[in-house]
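One letter stands for each residue in the lines below.
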Amino acid sequence: MTDDPLLPQVVAKALREYRDALAEHGITWGEPPTAYVRAMSPSRFVDDEAFSRAASDRVRAECPDATAAEQEALLRELDFDEVLRDALDGEPPDGKPVIGEPLDGRPINGSLDGKPLDGKPPGGDLPDGLAVLRLTHGGHRLDGRPRTLLEPGGRPLPLALLIDNGRATEAEIRVGGRAHRVAPGGARLVELDTATEVTVGAERVDLSDLTRLAPRARLRVRAGFPCRWSVWSAGGQGWYPEGAPARYDHHNVPYFHGDDIALDVPAEPLTVRVTRGMEYDSAETTITPRGETVVAPCAETLVELRPARVHDAAAKGWYGADLHVHLNFAGDVVATPAMAAAMQHGEDLHVLNLLAANVSGRRVYDREALEHWAGEDLPWSDATHIARMGVEYRNDMFGHLHAFGLTAPPARYHSGFDGTADWPPTSTACEELHDLGAIVGYAHCFHSPIDAPEDIIGTGRPACTARMAVVDAALGLVDSMEVLHFSSAAGSSAVYRRLLGAGNRLAAVAGTDSMLSFTRQRIEPVASPLGWERTYAKVDGPLTAASYADAVRRGRTFATTGPFLELTVDGHHPGDTIDRALGDRVRVTVRVIGPEVERLTIRTATGILAEGPPNDLTTADSTAEFSVEFTVGEPTYIVALAEGGPHPRSLFTHVFAHTSPVYVDVRGRRVSRAEDVHWCLEWLDRLERLIRERARLDTSGQLDDHLGRIEEARRVYAARLRP
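Residue positions within a chain follow its written sequence, with the count starting from 1. The predicted nature of this model means local features are confined to residues of pLDDT at least 70 and side-chain atom pairs, given and counted, to a pLDDT of 80 or more, with totals for whole chains, interfaces and linings taken over all residues. Calculated side-chain values reflect all of the structure's heavy atoms, with hydrogen atoms and water omitted.

**Q** Could you clarify how one ought to interpret the sheet that holds strand S5 (residues 171-175) in this entry?
**A** Two modes of strand pairing occur in sheets, parallel and antiparallel, and in both the strands are linked by backbone hydrogen bonds. Here the rule is simple: two strands pair whenever DSSP picks up at least two bridges between them. For helices the rule is a DSSP run of H or I covering at least 4 residues; for strands it is a run of E covering at least 2, with both sets numbered from the N terminus onward. Read from one edge of the open sheet, 4 strands run S6-S5-S8-S9, paired in antiparallel fashion. At either margin of the open sheet sits one strand with a lone partner, and together these are strand S6 (178-182) and strand S9 (203-205). When the angles between neighbouring strand axes are averaged without regard to direction, this sheet yields 30°. In this sheet, S6 lies alongside S5 in antiparallel orientation, the contact comprising 5 bridges. Paired with Arg174 across the two strands is Ala179, which belongs to S6. The angle between two axes is taken between their N-to-C directions and runs from 0 to 180 degrees, where each axis is a line fitted to C-alpha atoms and a helix contributes only its stretch in contact.

So this is what it looks like as structure tokens:
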């Protein structure tokens, strides 16, 4: 028997093991219970700001005089089911969150740069699929949004039940025959379905108000090419084809992928929307499909919609990639390669990097797929869609790295987890990944605004931030940085520009960290479809993994949530170096496509050169352009930014795009701004103290390895200060 090309036997075996872990442990798959892992389930249902502020309020109430470090320690010990209850109970009082760094390598508050379009889902205060059972001294009350079952034969719907014990004594609630004890004032989130028997003491809880019956209809959606489809009925309830996971994006909109697809729906008014990633607009209609009858039990209502193209990047040699995607990373479903294939083509994503990685323990998810397909295009690749297996090398103290284009699996995938040492240095991982033919970039670099090197070190606990980037950039061991990811674009891009100003040459890239094994995640946009942020790279010749990697390596990139951003300097593009004399005039032109853009900015190493609102960006395919000139006074770099507030086209908290630089050398001398070099030297000093005081190391030799790399970088920066 031959293997299914999308499911070779070794991969199928791994997926079976993942399904067993999901069945036994639920959404965590049995991962070591760090704060990030414990928050996986409750954080699905409220946005990052609400969850963060509820957690902060709880810490302040319990210990109002605690230091920042003490507050962060308390945050890691919170009961996150109780945090979810608090977040659902209403808007917390004004005040900044105390959460400045992530929990166990993942942020609890996602981004401090902005917030989603709407903190509450359409159709009510509680999201679809969540109900709250409130226990009071006088009895109980069940709150939840009614959802539709299709008749005949309507099957039960999955349900998450949050038990909120407002009594002064412990309560026992039986769910499907299993007892759950909830402390006074406590909360517990339980998975069940709408047919499960729930009792409080001897009293049965009536779940019937959470469902209603509607006649079944059959809907077919067609665009003529793979797309992303959203179908929902009153109250925001999503409808999906048989076997498709019930996915919701960051705006809480249901979605699935494909074309010419039939699905069961209620014979009631429905909204149908279609789009295809950031190079397309969306099209939408409202329809009431015909219900099934005895005469025509399988009658279908056909909806034909086609999204209009906003721009065609490939026609200009630009190809968009998502360099940071996980197939499986714990979660509520086990994701298959077929799901990734459908999503990549449905989003028209040119390049996909699926990363093998661990979560909080030693197991590396999708390692088997990497070992099987390393160095090969995945089976669904074609002339304009390339997919590869890659690696996320993870150390929460020093930073995470993503690698694209490996020819073979690495020897190490992580360090510092499950009691292991924070060793070897990330520099060693970069060297190994480069030796395997990969391009290497720092992932989700910073999670809050960064003003000074002390903000990078923070309290010194593991934070999955790019603390070691200052070393690896100086040593030429890293090719790129994610200036755009699920968290702080402001913080990451500011540090990126500091590194550029100090003489480092790095490409600006984006990576969503989308996780196909999660169908819903409100605290981060990781359940949104892959490619909701992209790294566009200008490729010479046909698209291949090698040609794309070469374009990134050369810095011919921009990162974006949707705007198509082009920068030229005297006709040269990002990644290019031009050599000029002092006093020469240089002309800079910025061009952008996208109605969501509210501000364009041109920056050099010394700061903002020009900025202002674009003109005439009123339709999805409208274009704005402006040019400025400046006189070369020292070596510098030039980058362009496009920014805006929340927008339906953006699945990030706000609109953002950032180019890689055009470098302006002066008679062969590259930019090396003293202020930025000193900034990096201070960063190195603080990093050395962090390693000496906080890193988990087993031997003095391991410490020497870290300090040796830092000293190498220190010499590089010191040399850049010399005239």
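Moving on from the model shown.
**Q** Any chance you could explain the nonpolar core here in plain terms?
**A** Counting residues in each nonpolar core, the largest one holds 108 residues, and the members touching the most others are Leu499, Trp683, Leu687 and Tyr717. With 9 residues, helix H13 (residues 674-694) is the largest single contributor of residues to this core. Contact between two residues is taken to exist if any of their heavy atoms lie within 4.5 Å; hydrogens are not considered. For Leu499, the contacting residues outside a window of four places in its chain are Ala469, Val470, Met481, Asn504, Leu506, Cys680, Trp683 and Tyr717. What is meant by a nonpolar core is a set of buried Ala, Val, Leu, Ile, Met, Phe, Trp, Tyr and Cys residues, joined one to another through side-chain atoms within 4.5 Å. Buried, partly exposed and exposed residues are distinguished by accessible area as a fraction of the type maximum, computed with a 1.4 Å probe on protein chains only: under 20%, between the cut-offs, and over 50%, respectively. In terms of nonpolar packing, the next biggest core, distinct from the first, is built from 31 residues, Tyr536, Leu565, Val590 and Ile593 among them.

**Q** Sorry, what's going on with the pairing of S5 here?
**A** Looking along a regular strand, one sees side chains alternate from face to face of the sheet. Taking every second residue as pointing to the same face, the buried face of S5 carries Ala171, Ile173 and Val175, while none of Glu172 and Arg174 on the other face is buried. Remark: 2 residues form the turn of the hairpin made by S5 and S6, two consecutive strands paired antiparallel; Gly176 in that turn has positive phi of roughly 60°. Alignment of S5 against strand S8 (residues 198-200), held across 3 bridges, turns out to be antiparallel. Note on S8: the bridge partner recorded for Val175 is Val198.

**Q** I keep staring at the packing of helix H11 (residues 489-501) against H13 and nothing clicks. Help me out?
**A** If you want to describe how two helices pack, look at the angle between their axes and the distance between the axes. For the pair H11 and H13, interaxial distance at closest approach is 8 Å and the crossing angle is 110°. Classed by the angle they form, the pair H11 and H13 counts as roughly perpendicular. The handedness of the crossing between H11 and H13 comes out as left-handed. Every residue of H13 that contacts H11 at Val495, Arg497, Arg498, Leu499 and Gly501 is listed here: Glu675, Asp676, Trp679, Cys680 and Trp683. When residue character is reported, Ala, Val, Leu, Ile, Met, Phe, Trp, Tyr, Cys and Pro are called nonpolar, Asp, Glu, Lys and Arg charged, and the others, Gly included, polar. Looking at the contact of H11 with H13 residue by residue, the class counts come to 5 nonpolar, 1 polar and 4 charged. These descriptions rest on fixed angle ranges, namely under 35 degrees for roughly parallel, over 145 for roughly antiparallel, 65 to 115 for roughly perpendicular, and the rest for oblique. In this scheme, a crossing is called left-handed if the near helix is turned counterclockwise away from the far one by less than a right angle; it is called right-handed if the turn is clockwise.

**Q** Which parts of the structure should I look at to understand the sheet that holds strand S28 (residues 564-569)?
**A** If you walk across this open sheet you meet the 3 strands as S28-S30-S33, and the pairing is antiparallel. For this open sheet the edge positions go to S28 and strand S33 (623-631), each flanked by a neighbour on one side alone. Adjacent strand axes in the sheet meet at a mean angle of 15°, parallel and antiparallel pairs treated alike. In this structure, S28 lies alongside strand S30 (residues 585-593), joined through 6 bridges in antiparallel fashion. Considered in S30, the bridge of Leu565 is made with Val592.

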